[in-house]
Amino acid sequence: MQFDIITIFPDIFDSYINESILKRALQKKLIKITSHDLRKFSTAKGIHKSVDDKPYGGGPGMILMVEPIDKALRALKLKTKSKKSKTRVIMLTPAGQRFTQREAERLAKYDRLVLLCGRYEGFDARVDELVDEKISIGDYVLAGGELPALVVAEAVARNIPGVVGHEHALDDETFSHDLEYIEYPQYSRPENFKGMTVPEVLLSGDHKKISEWRKTQSKRIK
Ligand code: SAM
């Protein structure tokens, strides 16, 4: 899976990626992540390479212009028009479709995801025509699309076979069965922490009983 992140802060991702599960996935060549500096596609004259401008009709702040984004997408030479396209161009926006575990699983089936990060007051509305879909990571507004891009990349990457170390680690995870399912409680050493003890059954070594207990302990979000 190839992730292309279009952003005005292309260097913001490295420190997180290098300390996360994404690094191992990169090393195993299961994924590739490339960040592209939107400013390189600025159509403005002068040294500032601006990619934003004031909105027509007035209003607070600046918005990202459509032309640099169009140029950046064309430079990626995407083959999105083909029906068999395994590429998805995604705008990160609080006004998008809510991102869930099901969406992460769906997107993990593509070969290439292009993640478009907004800043300031967002995008020129014509950018909508350049993307396949719009995703929101939750009902709140962040300053930029870079954190949402990382959230999407990591959640999607975890669903690519081989990225998560243990083969069955995703089987009973929260949201695995449906979006209301919550994983059972887990314990590690010590057996007794300030009077709080590990349930007896987990120390029994009886895998059938443990599995039954876990089923009873998994919960539903109310
Ligand atoms: N004016 C925009 C609006 O009202 O929808 C908000 C712009 S926000 C300050 C700047 C950028 O941050 C957005 O263009 C988007 O890329 C990103 N962003 C902020 N919150 C987000 C969220 N919940 N999900 C995805 N992207 C988000």
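For the structure itself, look to the data block above.
Here's a quick rundown of the structure. (Residues numbered from 1 in each chain as written. Predicted model: local features only at pLDDT ≥ 70, side-chain atom pairs only at ≥ 80, totals over all residues. Heavy atoms only, no water.)

1. Details of the overall build of the protein chain
When its secondary structure is counted, the protein chain shows six helices and 11 strands. Expected size for 222 residues packed as a compact globule is a radius of gyration near 17 Å; at 22 Å, the protein chain overshoots this value by more than 25%. Its C-alpha atoms put the protein chain at 70 × 35 × 30 Å along the principal axes. With 222 residues in all, the protein chain has 37% of them scored as buried. (Helix = DSSP H or I, 4+ residues; strand = E, 2+ residues; numbered from the N terminus. Rg over C-alpha atoms; globule rule 2.2 N^0.38 Å. Buried < 20%, exposed > 50% of the residue type's maximum accessible area, 1.4 Å probe, protein only.)

2. Quick notes on the side chain of D4
Its place among the elements puts D4 in strand β1 (residues 2-7). Under the relative-accessibility criterion, D4 is labelled buried at 2%. Side chain to side chain, D4 and Q2 meet in a polar contact 3.1 Å long. Apart from residues lying up to four places away in sequence, D4 is in contact with T34, H36, L76, R112, L113, V114 and L115. (Polar contact = N/O pair within 3.5 Å; in protein donor to acceptor, adjacent residues only side chain to side chain. Contact = heavy atoms within 4.5 Å.)

3. Side note on the environment of S188
Its place among the elements puts S188 in the loop between β8 (181-182) and β9 (192-193). As a C-alpha pair, S188 and V198 span 10 residues in sequence and 8.1 Å in three-dimensional space.

4. Some remarks on the site of the ligand
Near the ligand there are 20 residues, and of these L92, G118, E121, Y140 and L142 occur at the shortest range. Take I137: an N or O atom from its main chain is 3.1 Å from a nitrogen atom of the ligand. In this structure, G138 approaches the ligand through a main-chain N or O atom, which is 3.0 Å from a nitrogen atom. Alone, the ligand offers 590 Å² of accessible surface; in the complex the protein occludes 82% of this. Counting only elements with at least two residues in the shell around the ligand, the list comes to β5 (87-98) and β7 (133-136). (Near = heavy atom within 4 Å. Areas by Shrake-Rupley, 256 points an atom, 1.4 Å probe, with all protein chains shown as cover.)

5. Looking at the pattern of salt bridges
A complete count under the given rule lists 14 salt bridges for this structure. Two residues, R102 and E105, come together in a salt bridge whose shortest N-O distance is 2.9 Å. Here E105 and R102 lie together in helix α4 (residues 101-107), a separation of three residues that amounts to about one turn. Residue R102 is classed as partly exposed on the basis of its relative accessible area, which comes to 27%. A salt bridge links R119 to E146; the shortest N-O distance between them is 2.9 Å. Taken together, the residues R119 in the loop between β6 (112-116) and β7 and E146 in helix α5 (residues 146-157) connect sequence positions 27 residues apart. For the residue pair R119 and E146, the accessibility class agrees, reading buried in each case. A cluster of three or more residues bridged by salt bridges with shared partners is formed by R88, E103, R106 and E133. (Salt bridge = Lys/Arg side-chain N within 4 Å of Asp/Glu carboxyl O.)

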